Every structure is written in C-alpha cells, then in structure tokens.
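A closer look at the structure
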Amino acid sequence: KSKTPMSEQYPILHLKPGRERSVLNRHPWVFSGAFQNLKNNLEDGALVEILDAQNNFLAYGHYCHDASLACRLFHFGERIIINNQFWETRFRQALNFRKQLGFVQNQIQGYRLFYAEGDGLPGIVCDVFGSTYSLQLKTKGAENLKPLIESFLKDELSLTEAHSECSFVEDKLNFLLDATLGQKTGYFLDQRDNRRLFGHYAKNKRVLDVFSYSGGFSLYALANNAAHVTSLDISEEALKLCEKTVLANFDKPMAHDLVCGDSFDYLREMAPEAFDLIVLDPPAFCKNASTIQKACRGYKDINLQALKNIAPNGLLFTFSCSQHISKELFRQVIYGAAKDAGRFVRVIHEMGQAPDHPVSIFHPEGDYLKGLVLAVS
C-alpha cells in the first residue's frame, strides 16, 4: 500500500469497505458493486487508480463504462507512471517469454504472443501466424493502446496484420487460416499440444472430427496415417478452408470426407461403431453464468451420442472451452453421459491449453480450456 503521490495523477475510484481483498490478492477484475463511487463522467477505457476505503493506493486499471466488470487491473502495489515505456516493457516481457518457450525462432510459426491477463495485458489478445498477426482488443482501454501495439509488432517482429487468408507452419504441417471467418483470431492455437496427442493415436483409425472448423485435428490424423477421416462442421466456408489445407499438405488424394451439417443431428443419426477415434471440440456453449445449465445439457448430449456409438476400444477426445464450465463440472457432465451410454469409460489423459496461453495464478478464470481423453470399452 502507498499514499505517496507521483507527479502524474489519474482519476480515482474507491472500493467499499471490506472489498479490497481480491485486489490485494492481485485478481485483475473488479466488478461495479465493489466501488463506492462509479463516476458517470469517466470515459470508457480511462486509466484509473484503485484505492481502498482508507485511501490507500492498491492498483491501476482500465475503467469499463456500462459493464458489470467495471475495471480490469494491470499494475498492483506502488504508484508509478503509466506511459508508453511501461506498456512496451510488458509487450517485451511477453515476447521474451515466448522465446523462452521455444517460439519466435522463425517467421513461419503460429503462437499466441499476448494472452490478456496471463501476460498482465487485460483485454489484449494477439496471435502470430508466420509473418502476420491477428489482434483482438476486448475493451476500450485495450483499443486505446492499438497504435502502440501495432508499432511494437512491426518494429520488433516485422509483422503485418492478417486481413484475409494467410498461412503458417505447425509441426511441419502447413496450415491456412482466414482471419475474416470470425472464430477467435482465425485459428485455435490453444489446441496445439492436444492435436499432437490426437495424431499419436490416429494411425489406422477411422476418425471423426466434430466441429472441425478448418480441420486442425483432421490434418494431424491424416498426417499420422489414419485409415479415414471425416471432418464435420456447419460452416461451408470453414470446410472449404479445411479442404484447401489438406490439399496444401498431401500430394496424393487422402481418405478424407467433408460433411457440412449440424453436429448434434449428425451424432444422433450416425451409424454405431463407424468410428474408432472421435474428437468433440465445440465452440463455447456457455457465454455467461446464466447459461451454465443449458450448456451442460449440450455437452452431455454430444458426449452421450459419441460414447454410445463409438466402436469398442475407441478413444474419445472431448473438450470444453467455456470459461464458466469448471473442470469439476465438465467431469460431472461426462460422468452422466458415460452412465447413460452404458459403456465402460476410463480417463487416460487430461488436457488443457498450450503454454503460450499461460494462466496467471491470481486469475484462474484464464484457465478456460479443459479436455479428457476417454477410452471406451
């Protein structure tokens, strides 16, 4: 705590008595109900000081106007000057961390460079795809930093913005993405390690990639000599991109079908024992806490059908990327599906997001991706 003023002052927001614990614990989110005096004249995205009820300085953050999550914090402890140098230091720390992980070795890789709260950069997500980048700015405070971010990406990494279709390499496979399709930043880098594991089990298997999007899991299965792969998605554009990606990697025709349709309907109607290896990687069914029950019904539905119909001794890779669905709740849903399917089901792997999506220990909400590999007898 500090009462020592610096030479530059920012608008002040006071917490209600007793509401400072989460900030002292360095959690980066403060909801509107925790404040004494939310000021209607504060601009959306304003940089603010957070003080406790006794006027002790706690943190700096970006104010979010008309949002229940009223402030996203990015610095705790002592007052400092928040200037371009502060942010450039944060950007460089994130870059150096990716270098430490083994990324940034060339200009053909794909990796997440900035992961919001996981890098002390709330509201900022930046994925690198080869020599291009795709940027998501989720708050006005983050949007205000866009010129500085773009300058850093150009000067430090010689990157240009991905406006349409571009390519990158992952495990010697060539991936195409279209930044205009509207799925996250254009590709799901968080599943990188899980795709590798999927490929490990794919040899000679009949594979179904449900919610395939542009075919990340499908491509790993084909590269690892799957007997046959079916890519299923409701988006024709995504499947066209999947087909182009397959053609960009293999000279000979591959045992690969594209199916455009509703995944729920397909799973209910598919022939029993048609597939030995199935992956369920749906979009987030749960956008907020009020939809948790509905989301759980959706997760149970698709998992029940997959567990009922997968071939004996098959493997099911199943995921949830919904932040509001905890690992414990997801397991409960899978337990219910397995019980109703009447199959003997064993967990052989637990999965999460790749290490370029680091989770701040102070912000467990950043740990959104959870997955299980199930052996089904």
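Summarised in this report is the structure supplied together with it. (Residues numbered from 1 in each chain as written. Predicted model: local features only at pLDDT ≥ 70, side-chain atom pairs only at ≥ 80, totals over all residues. Heavy atoms only, no water.)

Some remarks on the packing of helix α2 (residues 84–101) against helix α4 (residues 146–157)
In the contact formed by α2 and α4, the axes pass within 11 Å of each other and the chain directions differ by 50 degrees. As summarised for this structure, α2 and α4 are arranged oblique, according to the angle between their axes. Here the hand of the crossing between α2 and α4 comes out right-handed. Contacts from Asn84, Trp87, Glu88, Phe91, Arg92 and Leu95 of α2 reach α4 at Leu148, Ile149, Phe152, Glu156 and Leu157. For the contact of α2 with α4, a count of residues per class yields seven nonpolar, one polar and three charged. (Axes fitted to C-alpha atoms, helices over the stretch in contact; angles between N-to-C directions. Helix = DSSP H or I, 4+ residues; strand = E, 2+ residues; numbered from the N terminus. Parallel < 35°, antiparallel > 145°, perpendicular 65-115°, else oblique. Left-handed = near helix turned anticlockwise from the far one by under 90°. Contact = heavy atoms within 4.5 Å. Nonpolar A, V, L, I, M, F, W, Y, C, P; charged D, E, K, R; others polar.)

Comments concerning a negative patch on the surface
On the surface, Glu43, Asp44, Asp66 and Glu143 cluster together into a patch of negative charge. Topologically, glutamate 43 is positioned in the loop between β2 (29–31) and β3 (47–51). Overall, the relative accessible area of 62% leaves glutamate 43 in the exposed class. (Patch = residues over 30% accessible without salt bridge, like charges linked within 9 Å, V, L, I, M, F, W, Y side chains within 5 Å. Areas by Shrake-Rupley, 256 points an atom, 1.4 Å probe, with all protein chains shown as cover. Salt bridge = Lys/Arg side-chain N within 4 Å of Asp/Glu carboxyl O. Lys, Arg positive; Asp, Glu negative; His and termini not counted. Charge placed at Lys NZ, Arg CZ, Asp CG, Glu CD. Buried < 20%, exposed > 50% of the residue type's maximum accessible area, 1.4 Å probe, protein only.)

Concerning the pattern of salt bridges
Overall, the coordinates contain 18 salt bridges when judged by the stated rule. For the salt bridge of glutamate 156 with arginine 92, the shortest nitrogen-to-oxygen distance reads 2.8 Å. With glutamate 156 in helix α4 and arginine 92 in helix α2, this residue pair connects regions lying 64 residues apart in the sequence. Residue glutamate 156 is classed as partly exposed on the basis of its relative accessible area, which comes to 37%. The salt bridge involving arginine 196 is made with aspartate 171; its shortest N-O contact spans 2.6 Å. Of this pair, arginine 196 sits in helix α5 (residues 192–201) while aspartate 171 sits in the loop between β10 (165–170) and β11 (173–178); the two residues are 25 residues apart in sequence, bridging distant segments of the chain. You can call aspartate 171 partly exposed: its relative accessible area is 37%.

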